[in-house]
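Examining the three-dimensional arrangement
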Amino acid sequence: GPKVLQIPSHQIIDMGQMVTLNCDPVSNHLYFYWYKQILGQQMEFLVNFYNGKVMEKSKLFKDQFSVERPDGSYFTLKIQPTALEDSAVYFCASSTLWSSYEQYFGPGTRLTVL
Amino acid sequence: QQQVRQSPQSLTVWEGETAILNCSYEDSTFDYFPWYWQFPRESPALLIAIRPVSNKKEDGRFTIFFNKREKKLSLHITDSQPGDSATYFCAASGGGNYKPTFGKGTSLVVHP
């Protein structure tokens, strides 16, 4: 079936550094999402993105977070600067249309902030 | 405020039994209710979904029962198998809300 790719699978960085998480969504999908999941807990919506713009974001999407998809390349989540509480698995998802349709999730990037 | 609630938090059944996972929601404008399952160290994957035009959706051993009036739905897994052991997330979205909301999940263990 359709696949969402995420790079890297695991990232370890020092607190205060910048990190960029990359997502390669399904090719014909138009809506992109980032979720945060702390081990053993629920998926928490961060942000969704359509047509070059953030459509909606949650309170977890702090000022240190930003997203973009320059020229149809990777859909990225940048955290600058990182904090200890940013340690989690970040899942990217994409869908053909907006949130009332099936989302396909990537394998996740495990971010560890030391 | 938790928009989507799931119960129980964890559930253990024996192989062959029916597992029942519950979900309730707050926003009456939600119009799409997918259930995702997630195996340890894997990403969530869509299992089955329902829209409020139906009160039941069946796919093999998995059935969603939907009660729009009470804003409740449940996922029934008949003839449970050990391979069904996973965390099941109920989600809701729609009604002009671009933000899908996930419940906290139910961890299901099926013992052989």
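Now for a quick tour of the structure. (Residues numbered from 1 in each chain as written. Chains lettered and ligands numbered in written order. Predicted model: local features only at pLDDT ≥ 70, side-chain atom pairs only at ≥ 80, totals over all residues. Heavy atoms only, no water.)

**Some remarks on the nonpolar core**
All names here are of chain B. Counting 26 residues, the largest nonpolar core has Trp35, Leu73, Leu75 and Tyr88 as its most contacted members. Elements with a minimum of two residues in this core: β2 (10-14), β3 (19-25), β4 (33-38), β5 (45-50), β7 (62-67), β8 (72-77), β9 (86-94) and β11 (106-111). Apart from residues no more than four positions distant in its own chain, Leu73 is found in contact with Leu21, Asn22, Cys23, Tyr25, Phe33, Trp35, Ile64, Phe65, Phe66 and Cys90. (Core = buried A, V, L, I, M, F, W, Y, C linked by side-chain atoms within 4.5 Å. Buried < 20%, exposed > 50% of the residue type's maximum accessible area, 1.4 Å probe, protein only. Helix = DSSP H or I, 4+ residues; strand = E, 2+ residues; numbered from the N terminus. Contact = heavy atoms within 4.5 Å.)

**Some words on the state of the cysteines**
Evaluated as defined, the whole model comprises two disulfides over all chains. Put simply, Cys23 of chain A and Cys92 of chain A are joined by a disulfide, and their sulfur atoms are 1.9 Å apart. One quick way to see it: the torsion about the S-S bond of Cys23 of chain A and Cys92 of chain A is about -65°, and its sign makes the bridge left-handed. With Cys23 of chain A in strand β3 (residues 19-24) and Cys92 of chain A in strand β9 (residues 88-95), this pair connects stretches of sequence that are 69 residues apart. Between the sulfur atoms of Cys23 of chain B and its disulfide partner Cys90 of chain B the distance amounts to 2.0 Å. The S-S bond linking Cys23 of chain B to Cys90 of chain B shows a torsion near -70°; that makes this disulfide left-handed. Placement of the pair is Cys23 of chain B in strand β3 and Cys90 of chain B in strand β9, with a sequence separation of 67 residues. (Disulfide = S-S within 2.5 Å.)

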